[in-house]
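Residues per chain, in single letters:
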Amino acid sequence: MLTFLHAADIHLDSPLHNLDLYEGAPVEEFRQATRRAFENLIHLAISEKVAFVLIAGDLYDGDWKDYNTGLYLVSQLTKLRNAGIPVFIVAGNHDAASRITKTLRLPDNVTLFPSDRPYTFRIEKLNIAVHGQSFPNPSVKKDLSNSYPEALKNAFNIGLLHTCATGREGHESYAPCSLDGLRSKGYDYWALGHVHQHEVISKDPFVLFSGNTQGRHIRETGPKGCVLVSVDHDDHPEIEFKPIDVVRWEIIKVDAHGLESGYDIVDSFSHKLEQLLDENQGMPTAVRIIIEGETPAHDDMLSDVERWTNEFRAATLEIGSGKVWVEKTKFNLTDPASDIFPERASGAISELLNLFDELSNDADARRMLASELAEIEKKLPMELKSGSNDMQFDDMDWIGDLLKQAKPMLIKRLLKKGIS
Amino acid sequence: MRIDELRLMAFGPFTDLSLDLSGGRQGFHLIYGANEAGKSSALRAIRDLLYGVPERSTDNFIHPYSKMRLGAAIRSSKGQVFEFVRRKGRVNTLRTADDNSLLEETDLQQYLSGVNADLFVTMFGIGLEDLVQGGQDIIRGGGEVGRLVFSAGSGIVNLREIQNDIQEKADQLFRPSGQKQKINTTLGMLKNHRKELREAQLPGQEWVKHDEALRAALTRKKIVETELILQQKKMSRLQRIREALPLIAKRRELTEELKNFASAVLLPQDFPEKRRELLTALGIAEKGKTQALNTIESTEHVISELDIIPGLLDNAELIEELHRELGIQRKASKDRIKLETLRSSLQGEAKEILRNLRDDLTLEEAEKLRIKKPETIRIQELSAKYERLITRIEDTREKLPDLIQEIDHVDRILSALEQPKPLDNLPIALKEALEYGPLENQNTSDLYDIQSFIKTFKIEIAKLGFADHSIEELERLPAPSMETIQLFENRFDSVDRQTNDIKTEIKKARIALSEVERQIEAHRLEQEVPTETDLQIARDIRNHGWQLISRKLKDEPTTEKELQDYLKTTPGSTNIAETFETNLQQTDAIADRLRREADRVAAKARLLVDQTGGREQLQQLENDLEATEKERHIVTHEWSKEWQSTGIMPRTPREMERWIQDFHSLIQKAKDVDVRRTKAEDLKQDIEAHRTKMIRCINVFGRAEDIEKSSLINLIKHAQTIIEDETKLLQKHEQLKRDKALKEKELAAAQSRLKTYEQELKQWQTWWEHAVAPIGLEAKALPGQATAVMEELKSLFDKLKDAKILQKRIDGIDRDTEDFRRKVNGLVEVVAIDLTTRPADEAALELQHRLKRSRDSLSKQETLNKQLEKEQERIKQATEDILQIDAKLKSMCKEAFCESIGQLSEAEKRSDTRRRIEADLKTADQSLLQLSAGATVDEFVKEAAAIDPDSITGEIERLDGEIQNLNREKSELDQTIGSEQTELSKMDGSARAADLAEEIQILVGGLGNDVENYARLKIATKVLSLAIERYREKSEGPILKNASALFKQITGGSFEGIRAEYDDKGQPVIVGVRQKDKEIVSVGGMSDGTTDQLYLALRLAGLEMYLETNEPIPFIVDDILIKFDNDRAIATLNALADISLKTQVIFFTHHRHLVALADKHINSSTLFHHALKNSN
C-alpha cells in the first residue's frame, strides 16, 4: 500500500477578491488564506505519511513579484524534506511568467521538471515513475503530453501535466490535450493542474484535476483542496478528495417570490445561511447574496440599496458568529406592479417613468448616461473596470441594471410618503 | 372616476357615517367638520379606502384593526359603478359591498387608471403646507420654468430640494477634483497602498546578492583563520625564547656558586630548632630545682605554729547534738505559753454550758450527765417516727371529705342521665338496606333516562305516523322487505334513465329541427325559391290566358267575368295582352329560375324533407316519452301499493331504504330500553321494601319527623346515627357506675388506715416517756426539746475533752527542759570547767564554737603536709631531666661534625646556603621547561643559543603587526557575515506584501460598492433632469396658459397673468405681469401669499392638463384658503368649482365662514356641502 498527494494551482499569496470592508467583517479569519491552505497541504502530507507529493503547476501568480513568497514556499517544502517526503513539480503558465521561479533555490527533496523536453524521474524502491515537463514560457499552445514517453514496464507510471485538457471555460487554453492522447501513454495516473475546479475526467486510468487549494473569488465556490491517492498491491489507485481550504466561497440565492417585505427576504436569507453554515461546519465563508424574483418589496429594497445591504450584513453578523463575510449583495428583483398596471396615465411622473423605460431599451441613450460617469471612470483603478469585477462602464447591461435600481429610488424620493 | 358615496363605517372617530357625493356633474363637495370632527381622519380614509389601510394605522382608537371598515360606491366616466368595502389587513382586504366575499384588487385598479397610492397623495391631494412649501420652492428656484412645470404636472412640492439632496449625496461620494469624498479618499489610500506594496516586495536578485556575499565572506574567513594560526605559532616560539634568555644566564651563575658549597653537611631542616629547644629545656630544669628547695623550708615553719584541743574533738558528736536540742528547747518554751491560754478558755466555756443545764453541778461532777450512745439513737428514732405518724394522720383526715363529695357527684350525674333504649331489629334491617343504598341514585337516573327515551321514542314514532302504535304493533308492521325496496329502486332508476335519454333525444331533435327550419327560413328570406308547383300554377294561368286570347282570336265568345278574373291574376294590368305578356314573362322567369337555381331548389327540397322527417322523429320521441311516463306512473302506483297496508305514503325507494333502516333501529332500541325498564322497576320495588322496613324500625326511636319520605340512603344514614348515639349512651352509664364503685372502695380503706395510725401514736407516747427521762425531760416534752438538750450536752463534753488534751502537752514540755540542763552540765565538767557557772543554753553555744575552731586547724595541717611531699618529687624530676638533655646535645655535635655545642650554629648556616643554591637551580630548570614547548632543558638551551638575541625583538614586532592585520580582517569578515545573515533573515518569507495586496483588494471591493452607489445617484439625477426638460417641452405652453388665467382669477385681477422670460443667466423663468402697467414682477418680488397662489394656479393648471387626456380622479383639497382674503378665497372657490366640471373636487375645511362664502358665491347646482359628525 502506497499513498501520495496530488495538488495544483496553489497561487501562493494571491489575494482574495472584491471583499468590501465593513464593520464586523471577519478580516482576521480571511488573512493569508492561500498560505494557510498550503500549510494544510504540508500538514496533511506529513500526517498521512505519504510517499511523495505532486504539484501540477502554478505555485504562485505570474505577476507576483515578492521573493518572500518563494522563501515561504521553500520553508514549507523543507518541512517535507525533514519528513523524508519527495516533491515533484511541473511549472505552469504562472510559474513560467514568474520572476521568483528563476532565482529560487529549492530544497533537495524537490524535483522541478525541466522545460526543454519531458523527463522521467524514478523512485526505485517504490517502483514509481513520474513523467513531466514544465512550461518553458507562459503561453504554451502545443500539446505537451504528446511527447511524453511511453509507460515504463513493471512500474507505476504517473503523468504530471499542466493543461487546459480539452478547454475549460474561464481558463486559458494552454497545453491542450485529449483523453485519448493521455490514455495512449499507458500511464496509471495523470495528475493534472491548471483548471481550478476539481474534476475527474476518467477513472480508467485516473485522469483528474485536483482543483486549486484555496478559492480566491466568487467564481471559485465550494470546497477546495487536493487529492489523496492510495495505490494497492495490484497498482490499482483509489482517490479521495481532501478539502484543505481555510476560507470558502458560496453564493446564496434567495427567491423573493411570495415574500411580502424586505424583512421576510432577510429572514429567508438567514435561514439559508444557517443551513449553509451547518453544511460547512462553521468554516469562514465569503457569501454573495443574490435576491431575485418578483416581490412587493421591490420598491422598498431598490429605493435604499445601501440600507438593505447593511440589513443583510447585520443578519450575517448575527448568524455567522463572526466568520462570514458578505462579498456582495445583488438585487435582481422585478416589480410586480409593472405587470398589474400596463396602462399608464399621462402626466409629469408618467413622463419620468416612460423616460426610464425608454432609456432601458435604448443603447444610445444608455451610452449617453455612461458618459455622465466618464469623470469617475477615469479615476478608477484598472482592476475595478475589468476582469473579475463586473463594473464595466462600457457594458450597457450594467448601466441597464443601474437604471433599474435608480428608478424606484427616485420615484420613492419624489412622491410623498403619504398622509400622516 | 368619482366617488358617489363614501361610507365611513368604522374608521377613526367615525361609525356608520355615510357621505353622499353623487351630486353635480363631477361635483364640488365642501365637507365641513369642526376642528375635532375628524377632518384629517376623513382625508386619510379616502386614501386608505382606495389603496389599503397601512400596517400601523393610527385610526384604530375606537374600532380595533379587525373591525375597521371603509366602503364606497365609485363610478367611472363611462358610467360603470363599483361598490366595495375595504377592511384592514395584509391580503384580501377588498370585499363586496355586503362584506361577505372577496373582490380582486384589479377590479378596483381599473377605476384608478394607473394612479398608485403615492401618486394619488402627491398629485390629487393638496393642503395648506403644500401650498406654503410650493410657494417657497418657487422663490428659492427663482421661478425656473422647467421645474415649475414639472412640479405642476406631478404635484411634487419640493422638487428643487430633492434634486439638490440627490446631487449632494453623489457629491459626498465623489468629486472629480475632490480629496475628502469617500471615493476620492479610497482612491488616495489605494495609491498609498500600492506604493507600500512595491516597497514591501522583495526582488529575487537582492536575495541572491546577499546570499553570495555571505558565502564569499565565509570562505575568506576560513583562509584568514588558518594564516592567523601559523603566524601566532611563530610568534609564540620567539616569545618563549626571549623569555628564557635571562633564565639561562642565571642558571649558569648558580651552577658556579654550588661548587663552593659542595662540602657542606646537609643538616635536617629542624636541626637548629631542635638545638634551641634543648638549650631552653636545660635552663628551665635547673631553675625548678632551686625553687622547690625554698618552698619546703617555708612550709615546715607554718605547720609548727598550728593550735589543736584534743578533748573537744573526742566529744564532738555530743556537743553537736546539744547544739541541735538548744533550738527545740527555745521553741517549746514559746508554745507552752500559747497552750496554757487555750486550755483555761475552754474550761471557762464548759463551765458556762453546765451552769445553763444544771447550776447545781461543778465541772468535775458533770460526768453524771453523760448519756450512752444507744439512748441517744433511741431518742432520734422516736423523734423521726413521731413526725411520720403525725403526717399520715393529717393526710388521711384531709382526704376523707373529698372522697365523700366525689361519690355524691357521680350519683347526681347518674340520676340525671337518660336511660338507653334497646336497639332490637334496627342493626339487622340496616345491614340488609346497605346493599341497596348505593343503587338507589343510579336507579332513579336510569328510570329517568328510560322515561325520557320513551318520550323521545313516542315523538319519533309519531313523526313516522304511528302515534298510537305499541312497539309490538310496530314490529309487526308489514313494511316491504329491503330486497323489494331495492327492486323498486332499480325499476325507478331504469324508467328515469329512459325518460332522461328520451328527453335528451328530444332536445337534440328539436335543435336539429329548428336548425333545419332556420335554414329554410334563410332560404325564404334570401328569396323564396320557386317550386315545380309554382311553375305549374304560372303555366296554368298562362295557358288559361292563352285560351282566352286564342278564343278571342278565333272569335269564340268570352265572358266579361272570365276576362275580369284573368285580369285579376296580374294586378295593375288593364288589358289581356298586357296580362298575358306578364304571365308569359312570369312563367319564363320561374322556369328560368328553376333551371338556374336547381341546386338551391334541391337543397330546399331536401330541407323540407328533413323538416318532415324531423317532425316525425320528434313525434315518435314524444310518444316514447309518454310511454315511459306511463310506465313510471305504473311503477309509482305499485310502489304505493307495497306500502298501502302500512298506511304510509312512501317517498323514493332510496329515501325509504334509509327510512326502513332508521325505523328498525328505532324499534330495536325501544325493545332494549323496555328490558332495561323492567329491570329498573324491579329494583325500585326492592328498594321500596327496604325503605318501609327501615322506617318501621326507626319509628320505634321516634326521633325524626318526615322520615316517611326520606330516601333509602338517608334512612340508612339516620339509622346509623341512632345506633351510634344509643351505643354511646349505654357506654357512658356503665363508665359512671364503675367510677362510683371505685371511689366507695377508696373511702373505706382511708377510714381503716386512720384508726391504725391513732393506735400507733398512743404506743409511741409510752416509749417516749422512758427515753427522755435520762436527760431530765418530762413525757410531755416534744422531740425538738430533747434534740436541743442533747446537743448542749455534746458541746459540754467536747470542750472538757479538749482542755484535758492541752494539759497533757504542757506537762511534756516541762519534762524536756529539765533533761537538757542535766546533759549540758555533765559535759562542761569534763571539757570546759570554766563554763560551769554559765546557764545551760549559753554553755552549749560556747562549746559549739570551740569545737569548730579545733576542727579548722586540723584540716590546715593535713594540706600543708601534702604540699611538702609534692616539692620533694619536683626536685627528683629536675635532676633526671638535666642528665638527659646533656646527652642529646652531645649526639647533635657528632652529627654536625662539631667539636662543641658552640660550633653548631656555623654548621647550620653552611647547610642552609647549599640547600638554597640547589633549590634556585631547580626553579630555573622548571621555568625553562615551561618555555621549552616539550624539549628538554638542555635541548632548549642549545636551541636558544642558536638564535641571535638581538634580532628577536624586531622579528616579534613584525609578527605582531601581521597578526593584528589578520585579526582585523577576521573581525571585518564576521561583521559582513552578521549583516548578511541579518539581511537574509529579514527575507524570511514574510506575508507583509501579500497582506497589503489583500488590503488593496478589500479597498477595491469597497470602492466597487461606492462607485455603484454614485453611479445610481448620478444616473437618477440625469434622468430626472431629462424628464423635467422633456415635460417642459411638451407642456410648457398649455400649462402656462392655463396657469396664467387661473393666477389672474385667483389674484382677483391684481395680476394680468404670468409668462416665461429669460433671466440674467439666460434661463427661462416665470414672471408675473401686473394688470395696470404691464409691469413685470419676478417671483422674488412677490409676497408670500402671492407665491402660494402662483403655486396653486400652476397645480390647478397641471391638473387640468392631466384631465384633458386621462380618466378623472377626485381632487382632495385640505383647507388651503385659510391665509387668503375673502376676495381671493371666493375667486379660488370659483376656480375649484370650474374644475369640478371636469373632476370631482372634495374640499375639507373647518372654517364655517368659508362655507358661508361658498354658499353665497358659488352656483348651487355645482356646490354641495356636507357636515362631518363623528360617532361621539
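Data block above holds the structure.
Calculation notes
- Residues numbered from 1 in each chain as written.
- Chains lettered and ligands numbered in written order.
- Predicted model: local features only at pLDDT ≥ 70, side-chain atom pairs only at ≥ 80, totals over all residues.
- Heavy atoms only, no water.
- Helix = DSSP H or I, 4+ residues; strand = E, 2+ residues; numbered from the N terminus.
- Buried < 20%, exposed > 50% of the residue type's maximum accessible area, 1.4 Å probe, protein only.
- Areas by Shrake-Rupley, 256 points an atom, 1.4 Å probe, with all protein chains shown as cover.
- Contact = heavy atoms within 4.5 Å.
- Expected span 1.5 Å × (residues − 1).
- Pairing = 2+ DSSP bridges.
- Axes fitted to C-alpha atoms, helices over the stretch in contact; angles between N-to-C directions.
- Polar contact = N/O pair within 3.5 Å; in protein donor to acceptor, adjacent residues only side chain to side chain.
- Phe/Tyr/Trp six-rings, centres within 6.5 Å; stacked < 30°, edge-to-face > 60°.
- Lys NZ or Arg CZ within 6 Å of the ring centre and 35° of its normal.
- Salt bridge = Lys/Arg side-chain N within 4 Å of Asp/Glu carboxyl O.
- Nonpolar A, V, L, I, M, F, W, Y, C, P; charged D, E, K, R; others polar.
- Core = buried A, V, L, I, M, F, W, Y, C linked by side-chain atoms within 4.5 Å.
- Domains from an automatic or database assignment.

## Here we look at the overall build of chain A
In terms of helices and strands, chain A carries 14 helices and 15 strands. In chain A, which comprises 420 residues, the proportion classed as buried is 55%. When the accessible surface of chain A is split by element, carbon and sulfur atoms take 47% of a total near 17,500 Å².

## Here we look at the overall build of chain B
Helix and strand content of chain B: 30 helices and 13 strands. Looking at chain B as a whole, 39% of its 1176 residues qualify as buried. In chain B, of all internal contacts separated by at least 6 residues, the share reaching a separation of at least 24 is 74%. Carbon and sulfur atoms form 51% of the exposed surface of chain B, whose accessible area is close to 68,900 Å².

## As for the environment of B:Gln1075
Residues and elements named next belong to chain B. Along the polypeptide, glutamine 1075 turns up in the loop between β9 (1068–1074) and β10 (1080–1082). With 22 residues separating them in the primary sequence, glutamine 1075 and glycine 1053 have C-alpha atoms 6.9 Å apart. Apart from residues no more than four positions distant in its own chain, glutamine 1075 is found in contact with Lys1048, Gly1053, Ser1054, Phe1055 and Glu1056.

## Let's talk about helix α1 (residues 39–51) of chain B
Over its 13 residues, α1(B) runs 19 Å from end to end, which matches the ideal 18 Å to within 8%, given 1.5 Å per residue. Once α1(B) ends, the next one or two residues include B:Gly52, with phi positive near 100°.

## Observations regarding the sheet that holds strand β11 (residues 1115–1118) of chain B
Residue and element names in this part refer to chain B. Spatial strand order, β7-β11-β12-β3-β13: five strands in an open sheet with parallel pairing. Taken across any chain shown, the strands that pair with only one partner, and hence form the sheet edges, are β7 (125–127) and β13 (1167–1171). This sheet shows a mean twist of 20° between the axes of neighbouring strands, independent of strand direction. Both β11 and strand β12 (residues 1145–1149) contribute to a ladder of four bridges, which runs parallel. Bridged to aspartate 1118 within β12 is phenylalanine 1148. Taken strand by strand, α1 contacts β11 and β12, and its axis lies near 155° from that of β12. Each of β7 and β11 is contacted by helix α28 (residues 1088–1109), which is oriented at about 170° to β7, the strand it contacts most.

## Things to note about the side chain of B:Asn1013
With respect to the secondary-structure elements, B:Asn1013 resides in helix α27 (residues 992–1050). Residue B:Asn1013 is classed as buried on the basis of its relative accessible area, which comes to 11%. One polar contact links B:Asn1013 to A:Glu306, side chain to side chain, over a distance of 3.3 Å. Other than its neighbours up to four places away in sequence, B:Asn1013 contacts A:Glu306 and B:Leu173.

## Topic: the environment of A:Leu355
With respect to the element layout, A:Leu355 can be found in helix α10 (residues 348–361). Classification of A:Leu355 by relative accessible area gives buried; the value is 3%. Those residues within four positions of A:Leu355 in sequence are excluded, and the remaining contacts are B:Val1023, B:Leu1026, B:Ala1027 and B:Arg1030.

## Considerations on the pairing of strand β10 (residues 206–209) of chain A
Every regular strand shows the same layout, with side chains that alternate between the two sheet faces. All names here are of chain A. Burial along β10 is two-sided: the residues Phe206 and Leu208 and Val207 and Phe209 are all buried. By the bridge criterion, four bridges tie strand β8 (residues 189–193) to β10 in an arrangement that is parallel. Paired with tyrosine 189 across the bridge in β10 is phenylalanine 206. In this structure, strand β9 (residues 199–203) lies alongside β10, joined through four bridges in antiparallel fashion. Note that in β10 the partner of lysine 203 across the bridge is phenylalanine 206. Hairpin geometry of β9 and β10 is characterised by an intervening segment of two residues between the two adjacent antiparallel strands.

## Some words on the packing of aromatic side chains
Scanning all chains against the criterion turns up 33 aromatic pairs over all chains. Residues A:Phe269 and A:Phe312 carry aromatic rings whose centres are separated by 5.4 Å and whose planes lie at 80° to one another, so their mutual orientation is edge-to-face. Here A:Phe312 lies in helix α8 (residues 305–319) and A:Phe269 lies in helix α6 (residues 262–279), a separation of 43 residues in the sequence. Relative accessible area serves as the criterion here: at 0%, A:Phe269 is assigned to the buried category. By the ring-pair criterion, three or more aromatic residues cluster together here, those being A:Phe4, A:Phe52, A:Phe88, A:Phe113, A:Phe121, A:Phe156, A:Tyr189 and A:Phe206. Seen from the ring of B:Tyr65, B:Lys88 lies directly overhead, with NZ or CZ sitting 4.3 Å from the centre.

## A word on the interface of chain A and chain B
Interface size, as often reported, equals the accessible area lost upon joining of the parts. Between chain A and chain B, the residue contacts involve 72 residues of the former and 80 residues of the latter. Inspection of the chain A/chain B interface yields ten salt bridges. Between B:Arg90 and A:Asp264 there is a salt bridge, with its nearest N and O atoms 3.9 Å apart. Counting the contacts that link chain A with chain B gives 17 residue pairs in polar contact (both at pLDDT 80 or more). Of all elements in the fold, only α2 (67–82), α8, β15 (324–334), α10, α11 (363–372), α12 (374–379), α13 (382–385) and α14 (396–414) of chain A reach the threshold of two or more residues within the side of chain A that touches chain B. The greatest single-element share of the side of chain A that touches chain B, amounting to eleven residues, is contributed by α14(A). Taken together, the residues of the side of chain A that touches chain B break down into 38 nonpolar, eleven polar and 23 charged.

## Here's the deal with the nonpolar core
Within soluble globular proteins, side chains that are nonpolar tend to cluster in buried spots. Counting residues in each nonpolar core, the largest one holds 209 residues, and the members touching the most others are A:Leu352, B:Phe150, B:Leu1098 and B:Leu1172. The biggest single contributor to this core is α27(B), with 25 residues. Here this core spans two domains, since at least three of its residues come from each of domain 1 (2–243) and domain 2 (248–416) of chain A. When neighbours within four sequence positions are excluded, A:Leu352 is seen to be in contact with A:Leu410, A:Ile411, A:Leu414, B:Phe150, B:Val1023, B:Leu1024 and B:Ala1027. Residues A:Ala25, A:Ile265, A:Leu277 and A:Phe331 belong to the second largest nonpolar core, which totals 38 residues.

## Topic: the environment of A:Phe38
Residue and element names in this part refer to chain A. Secondary-structure assignment places phenylalanine 38 in helix α1 (residues 33–47). Among the residues examined, phenylalanine 38 registers a relative accessible area of 0% and is labelled buried. The spatial distance from the C-alpha of phenylalanine 38 to the C-alpha of valine 246 is 9.6 Å, given a sequence separation of 208 residues. Residue contacts for phenylalanine 38: discarding those within four places in its chain leaves Ile10, Leu12, Tyr72, Leu73, Gln76 and Leu77.

## Brief notes about the pattern of salt bridges
In this structure the tally under the stated criterion is 98 salt bridges over all chains. Of the charged contacts, one joins B:Arg654 and B:Asp493 as a salt bridge, the two residues approaching to 3.1 Å between their closest N and O atoms. Placement of the pair is B:Arg654 in helix α20 (residues 653–699) and B:Asp493 in helix α15 (residues 482–526), with a sequence separation of 161 residues. B:Arg822 serves as the salt-bridge partner of B:Asp819, at 2.6 Å between the closest nitrogen and oxygen. Note that B:Asp819 and B:Arg822 are positioned in helix α22 (residues 783–831) at a spacing of three residues, about one turn of the helix. Overall, B:Asp819 belongs to the partly exposed group, its relative accessible area being 36%. Put simply, A:Glu351, A:Glu358, B:Arg1030 and B:Lys1034 are held in one network by salt bridges that share partners.

Without other data, these values stay purely geometric and don't point to any function.
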